Amino acid sequence: MTVAYPFTAIVGQDDMKLALSIAAVDPGIGGVLVFGERGTGKSTTIRALANLLPKIEAVKGCAYHCDPASTAKQLCSSCASSKAEQKIIKLPIPVVDLPLGATEDRVLGSLDIEKAIHNGEKAFQPGLLAAANRGFLYIDEVNLLEDHIVDALLDVAASGVNVVEREGLSVRHPARFVLVGSGNPEEGELRPQLLDRFGLSLDVRTPKDIPTRVEIIKLRDAFDQNPDSFTKRFARKEGALRRKIDCARDALESVEVPGVVLEKSAQLCLSLGTDGLRGELTLIRSARALAALQGASEANLDHLRQVALFVLRHRLRRDPMDESSADARVERAISDAFE
Amino acid sequence: MPESNEQSATPSSKPASLWQDLEYAAAILAVGGHDIGGIRLIGQPGPVRDYWLERFEDLSGKPCRRVPSNTAADRLLGGLDIPETIKAGAPVLSKGVLAECHDRTVLLTMAERLPQEHLGIWCTTLDQKRVTTARDGITQRSDTHFAVIALDEGIDDEATPAALNDRLGLTIDISPLSIRDVGDSEFTSRDINTAIAQAPNIPLTDRQYEAIALLADRLGINSPRKMLQAARVAKFIAALDGKQCADDESIQTVLRLVLLPHATQLPQSIEEPQEAPPEPPEADEQERPDTEQHADQHEDETETLIESSMANLPADLLAALVVRAQKSRQRQTRAGKAGAVIQHKQRGRPVGSRRGDVRRGERIDIAATLRTAAPFQRIRSLHANDDKEIVRIESDDVRVKRFQHRKSSVMIFGVDASGSSAHQRMSEAKGAIELLLADCYTHRTEVALIAFKGDRAELLLPPTRSLVRAKRALSQLPGGGGTPMAAAIESIELLSLSIENSGATPSYILVTDGAANVSRDGTKSRSAGSEDALTAAKSLARRSIEGILVDTAVRPSPRARDLASALESVYLPLPNASAHSLNSSIRVLQGQ
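Definitions and cut-offs
Residues numbered from 1 in each chain as written. Chains lettered and ligands numbered in written order. Predicted model: local features only at pLDDT ≥ 70, side-chain atom pairs only at ≥ 80, totals over all residues. Helix = DSSP H or I, 4+ residues; strand = E, 2+ residues; numbered from the N terminus. Buried ≥ 20, exposed ≤ 12 C-beta atoms within 10 Å, placed from the backbone. Contact = placed C-beta atoms within 7 Å. Pairing = 2+ DSSP bridges. Axes fitted to C-alpha atoms, helices over the stretch in contact; angles between N-to-C directions. Nonpolar A, V, L, I, M, F, W, Y, C, P; charged D, E, K, R; others polar. Right-handed = clockwise from strand over helix to strand, strands pointing away. pLDDT = per-residue confidence, 0-100. Expected span 1.5 Å × (residues − 1). Arc of directions from axis to C-beta. Parallel < 35°, antiparallel > 145°, perpendicular 65-115°, else oblique. Left-handed = near helix turned anticlockwise from the far one by under 90°.

(A) Representation of the overall build of chain B. Each helix and strand in chain B was counted, giving 21 helices and 15 strands. Counting only residues that meet the buried cut, chain B has 47% of its 592 residues in that class. Sequence-distant contacts in chain B: of pairs separated by 6 or more residues, those separated by 24 or more amount to 79%.

(B) Just the sheet that holds strand β14 (residues 547-551) of chain B, in detail. Residue and element names in this part refer to chain B. An order of β12-β11-β10-β13-β14-β15 is seen for the six strands of this open sheet, with the pairing classed as mixed. Strand pairing shows two members of the sheet lacking a second neighbour, β12 (456-464) and β15 (570-573), which therefore form its edges. Neighbour-to-neighbour, the strand axes of this sheet turn through a mean angle of 15 degrees, independent of strand direction. Of the strand pairs in this sheet, β14 and β15 are connected by four bridges, and their pairing is parallel.

(C) The interface of chain B and chain A, seen in detail. In this complex, chain B contributes 59 residues to the contact, which on the side of chain A involves 55 residues. A class-by-class count of the residues in the side of chain B that touches chain A yields 30 nonpolar, eleven polar and 18 charged.

(D) Structural view of the sheet that holds strand β6 (residues 147-152) of chain B. All names here are of chain B. Taken in spatial order, the five strands make up an open sheet running β2-β3-β6-β1-β7, and their pairing is parallel. Edge positions in the open sheet fall to β2 (65-68) and β7 (170-173), since each of these has one partner strand only. If you compare each strand with its neighbour and ignore which way they point, the axes differ by 20 degrees on average. Pairing analysis gives four bridges linking strand β1 (residues 38-42) to β7, with the strands arranged parallel. Note on β7: the bridge partner recorded for I42 is D173.

(E) Structural detail: the pairing of β14 of chain B. Residues and elements named next belong to chain B. For β14, the tally of buried residues reaches five of five residues, placing the bulk of the element in the interior. Covered by surrounding structure in β14 are G547, L549 and D551 together with I548 and V550, the residues of both alternating faces. In this structure, strand β13 (residues 505-512) lies alongside β14, joined through five bridges in parallel fashion. In the strand pairing of β14, V511 is matched with V550. Read from β13 through helix α19 (residues 526-542) to β14, the crossover connection turns out right-handed. Regarding the hand of the β-α-β motif, the stretch spanning β14, helix α20 (residues 558-567) and β15 is right-handed.

(F) Layout of the confidence of the model for chain B. Residue and element names in this part refer to chain B. Of the residues in chain B, 75% have a pLDDT of 70 or more, and the chain-wide mean is 75. Scored below 50 in pLDDT, residues 269-295 shows eleven contacts in the model against residues more than four places distant or in partner chains. Confidence drops under pLDDT 50 across residues 321-347; counting only partners more than four residues distant or on other chains, this segment forms 41 contacts. Per the prediction output, this complex has pTM 0.67; the corresponding ipTM is 0.74.

(G) Fine view of unusual backbone geometry. All names here are of chain B. With phi around 50 degrees, M110 is a residue other than glycine that occupies positive phi space. By the secondary structure assignment, M110 is in the loop between β3 (105-109) and α6 (116-128). Phi at K129 takes a positive value of approximately 55 degrees, unusual for a residue other than glycine. Following the sequence through the fold, K129 ends up in the loop between α6 and β4 (130-135). Residue K129 is classed as partly exposed on the basis of its C-beta count, with 14 C-beta atoms lying within 10 Å.

(H) Representation of helix α15 (residues 326-337) of chain A. Residue and element names in this part refer to chain A. For α15, built from twelve residues, the straight-helix expectation of 16 Å at 1.5 Å per residue is met to within 8% by its first-to-last C-alpha distance of 16 Å. Every buried residue of α15 is listed here: A326, V330, A333 and I334. Each buried residue of α15 sits inside an arc of 100 degrees when the element is viewed along its axis, so together they form one side. Those residues of α15 that are exposed and aimed more than 90 degrees away from the buried face are A328, S335 and D336. Tucked inside the fold, the buried residues of α15 contact α12 (259-272) and α14 (301-312).

(I) Inspection of the packing of helix α8 (residues 189-198) of chain B against helix α10 (residues 224-240) of chain B at higher detail. All names here are of chain B. Running from N to C, α8 and α10 point in directions that differ by 130 degrees, and their axes come no closer than 8 Å. One way to sum up the angle between α8 and α10 is to call them oblique. Where α8 crosses over α10, the two elements pack in a sense that is right-handed. Touching D191, A195 and Q198 of α8 are F236, A239 and L240, all from α10. Grouping the amino acids of the contact of α8 with α10 by side-chain chemistry returns four nonpolar, one polar and one charged.

Below is the structure:
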């Protein structure tokens, strides 16, 4: 097993780290899209996140790691029927990689060939979406994903339920996951529908100043030379951040969002003409998650201001020609709103 | 290795040192190819390349694994092993090529033809040193740690994709070498073994790390990956030379092998101080005085190293750099085209499978067939007369792969960037084109951009789906000069033909004021210009390619109208062509 590069050892890229931490605190925000040049550490950072996630309680033996605390409606069929005799275990939050070249049957799940051949039994073999339930689904090079896989993903990501109707199977199971994608815009565009599924989006660049660059090479070089001792060096920092995220997850519900923040988010969305309520909702949730992360009991305008760009930059009225200036537009709106 | 003076006249006259670099490259790859991704070897097949590959195999002691760049995704990643699965009665996954290459060196042949859809697979595998297969109902992960020798035989407009180049540490162009230049071997396999043992212990000083970062910055290299590779190669070189630590000479070799081939700009002259670290944060301002002296001295040392490295570069190489940088930028855009076209030329995307007959030449989907047959195995073996342990498949079970071939369309924008047009309505025209581009985007149409001015038409953007690039190309559109209408129409025709050959449907939008005043042979003449333009237009019309002519003249002129009728295209004068009517015309075009 290869050791992942520690999250806290990543130099710079504060925006990306912040956005990912927010998504880790409140999965309901709806995922993070990271676009950027080659070699900016997009995948490294995202993969590093897995180490920082706290454990969750899940029904033992359930292929979808159902939450024992949830209502019968949200459980998979087997957990719902056996509610009484469930055993509960603690699991790390799943982080599932959707590799390029994955086939549809593996993503959605399909007939279990082994059981079928041996027992003549029609059994469902859960796919990657099942494995990602309650966790993260990471798609590297998300803009290169084949169209039919994107189609399959879009529906599930919106509904949180995976319905499989194939090979004589008829299965539905919960598939609520945080979509995390990364890619290089030079290599291809992202389908606008898929773009909509992401709660936060950001654009990362290579740090330009020499000392930062030197730091990046030195740390990475040290890591590759001896991953284990390098990871140990950062173990304490990692632990601290993990606890911070864990606490924030617990505190999330108790964080208040005062009226002035609600008003300001509505005003921001209005001034930018973003459609629907999704932008506002995500703004509020992100501000709250950030407040929780910083240990505040109440979200304030500063929190809102920090998250506004991530939340809004991909939500402007679809004018694809304005892509490059979207950031500028959002920034202008933000500074206007916070005058 | 500083070369002697008489040898540094032109790049082709110093093959001896080039061979030395190649020797180093082979040795570096043998020592730590896995850690630097590999090498991109530019040049045609021939004795030099063969000899070098032989040298490398001698040094590394292991034969390379040859993988053609068109190896299909299911072979790269692996999938259900049908014979084994049937034998075992349980799914057995076969290892893909990538997993089989663990601990070996991959010889990626014709790397310039690497299909876009496989590029991601290769890059992810190189990055993660692991391949994840999720196909045919099974997921499997295997560690695979390999170096790639990408044989780039690209001529003119072809090159290995930029994303792959970024991952390959070394780059060498062997084309100036002939077999007579092949020199003696410098390293033995024993040297390699010693170097493998030594390399991890070799330190790089802070100054050297900084020098690498600064050199990369001077050469306009942005990717931290390249700098990291440079740092590693420096260690390998020092280890190969039997040194205890990397020195300036190692850095210079690194510069040639790793950084220079990726330069996108001429290094700034050392004289004019280029702000080294662009303004440190203001917070540091107060503490700076104490450390300044030290920092300055430190910087001076780095500067000397860089200066000496740069000075050791042959002058002609620096000059050639500009050309190379521009070329490579062109190459990049064209590489994008190769990928996009292949994606549509292929049989289409697989869209599941359906019941079918193999005899009709369709491709059998074995996994799906097995899956269909699987539930009936019990019953069938009960009814069978023998008791063989086999999987019983009946003709009803057979599933064939279905491919959907969505014929894509490409919209060619011919934009008049001549003086007359530029003065009049350039910004409006650009605005209109942007609207059209946006529409193409929602329709998933590819776009290409041809601009014409002066004496020729230029393909600014080959067919692409990347709107970012289209927009960039458009905003960088230069203006001024005559209107070479004939040349413009001809290039639209040529591009249309190549698009048709690749299986897509071309259509075009010509944005001009119709004032042709440059003839086919490049002379300025209004009458000859319009005559040639009409001839070219008729030729394009014969291809029956749909098109629109958008007249940007302030007053719609008969010239543009005549041209449109010669083209047999829709004529839209811009004053009337509101965004809405432009969009609906384009829709009509695409509907056909």
